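Examining the three-dimensional arrangement
Residue-level listing of the chains:
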Amino acid sequence: MADEKLRYSDADLQEFKQLIQDKIDKAEHDLVLIKESFINDQNNGTDDTSPTFKAFEEGAETLSKEQNSILAGRQEKFVRDLKHALIRIQNKTYGICRVTGKLIPKERLRAVPHATLSIEAKNMQR
């Protein structure tokens, strides 16, 4: 086990840094869209329709705002987790499982670049 890698190479870290930065850019763009749709209070012109339909419309609008709020919260957490991954890259601790201390496989990091647990550690949580 003496030849087992303790961390990813600088070249590997640079590859992950670019992948994460691209994901941050896209996630921040998506977050702006979510927030714009949350703020956008367009009137669908239900003023002249029956009161029952208007109540349904207002209920659907409230539900939609709640869903957008939840979605925005998740997106903000995703961006924050990705930024934390960039800090781990800078510290050269990126890709090291915080439970086992082993390297998280590159395939997992490409799929979930903000991962801090290996599949082995994740399964131990169950």
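Quick notes on the rules
- Residues numbered from 1 in each chain as written.
- Predicted model: local features only at pLDDT ≥ 70, side-chain atom pairs only at ≥ 80, totals over all residues.
- Heavy atoms only, no water.
- UniProt positions renumbered as here; feature names shortened; annotations may be inferred.
- Helix = DSSP H or I, 4+ residues; strand = E, 2+ residues; numbered from the N terminus.
- Contact = heavy atoms within 4.5 Å.
- Salt bridge = Lys/Arg side-chain N within 4 Å of Asp/Glu carboxyl O.
- Buried < 20%, exposed > 50% of the residue type's maximum accessible area, 1.4 Å probe, protein only.
- Phe/Tyr/Trp six-rings, centres within 6.5 Å; stacked < 30°, edge-to-face > 60°.
- pLDDT = per-residue confidence, 0-100.
- Expected span 1.5 Å × (residues − 1).

1. Quick word on the UniProt feature "domain: Zinc finger DksA/TraR C4-type" (unreviewed entry) in the chain
- Per the UniProt entry, the sites bearing "domain: Zinc finger DksA/TraR C4-type" (unreviewed entry) are residues 93–122 in this numbering.
- Between the C-alpha atoms that bound residues 93–122 the distance is 18 Å, and the span itself is 33% helix and 0% strand.

2. Section: the environment of Met-124
- With respect to the helices and strands, Met-124 occurs in helix 4 (residues 119–124).
- Sequence separation between Met-124 and Val-99 is 25 residues, and the spatial gap between their C-alpha atoms is 9.6 Å.
- For Met-124, the contacting residues outside a window of four places in its chain are Val-99 and Thr-100.

3. A short note on the pattern of salt bridges
- Per the counting criterion, the structure on display carries 9 salt bridges.
- A salt bridge links Glu-15 to Arg-110; its shortest N-O distance comes to 3.0 Å. You can see Glu-15 sitting in helix 1 (residues 10–39) and its partner Arg-110 sitting in helix 3 (residues 106–111), a full 95 residues away along the chain.
- Classification of Arg-110 as partly exposed rests on a relative accessible area of 37%.
- For Lys-77, the salt bridge goes to Asp-81, with nearest N and O atoms at 2.8 Å. On the criterion of helical spacing, the pair formed by Lys-77 and Asp-81 is a turn pair, its members being 4 residues apart in helix 2 (residues 51–90).

4. Describing the side chain of Asp-12
- Mapped onto the secondary structure, Asp-12 falls in helix 1.
- Residues in contact with Asp-12, not counting those within four places in the same chain, are Lys-5 and Lys-106.

5. A few points about the packing of aromatic side chains
- What the rule picks out here adds up to 2 aromatic pairs.
- Considering the side-chain rings of Phe-16 and Tyr-94, the 5.2 Å spacing of their centres and the 50 degrees angle between planes classify their relative orientation as tilted. Taken together, the residues span a long stretch of sequence, with Phe-16 in helix 1 and Tyr-94 in the loop between helix 2 and helix 3 at a distance of 78 residues.
- Accessibility expressed as a relative area gives 0% for Tyr-94, which makes it buried.

6. Let's talk about the confidence of the model for the chain
- Of all residues in the chain, 78% have pLDDT values of 70 or greater, and the mean over the chain is 85.
- No element of the chain has a lower mean pLDDT than helix 2, at 83, and none a higher one than helix 3, at 96.

7. Thoughts on helix 1
- Here helix 1 contains 30 residues, and its C-alpha end-to-end distance of 42 Å stays within 8% of the 44 Å for a straight helix at 1.5 Å per residue.
- Among the residues making up helix 1, those that are buried are Asp-12, Leu-13, Phe-16, Ile-20, Ile-24, Ala-27, Leu-31 and Ile-34.

8. Regarding the environment of Ile-39
- Mapped onto the elements of the fold, Ile-39 is located in helix 1.
- Relative accessible area serves as the criterion here: at 65%, Ile-39 is assigned to the exposed category.
- Considered as a pair, Ile-39 and Asn-68 are 29 residues apart in the sequence and their alpha carbons are 9.8 Å apart.

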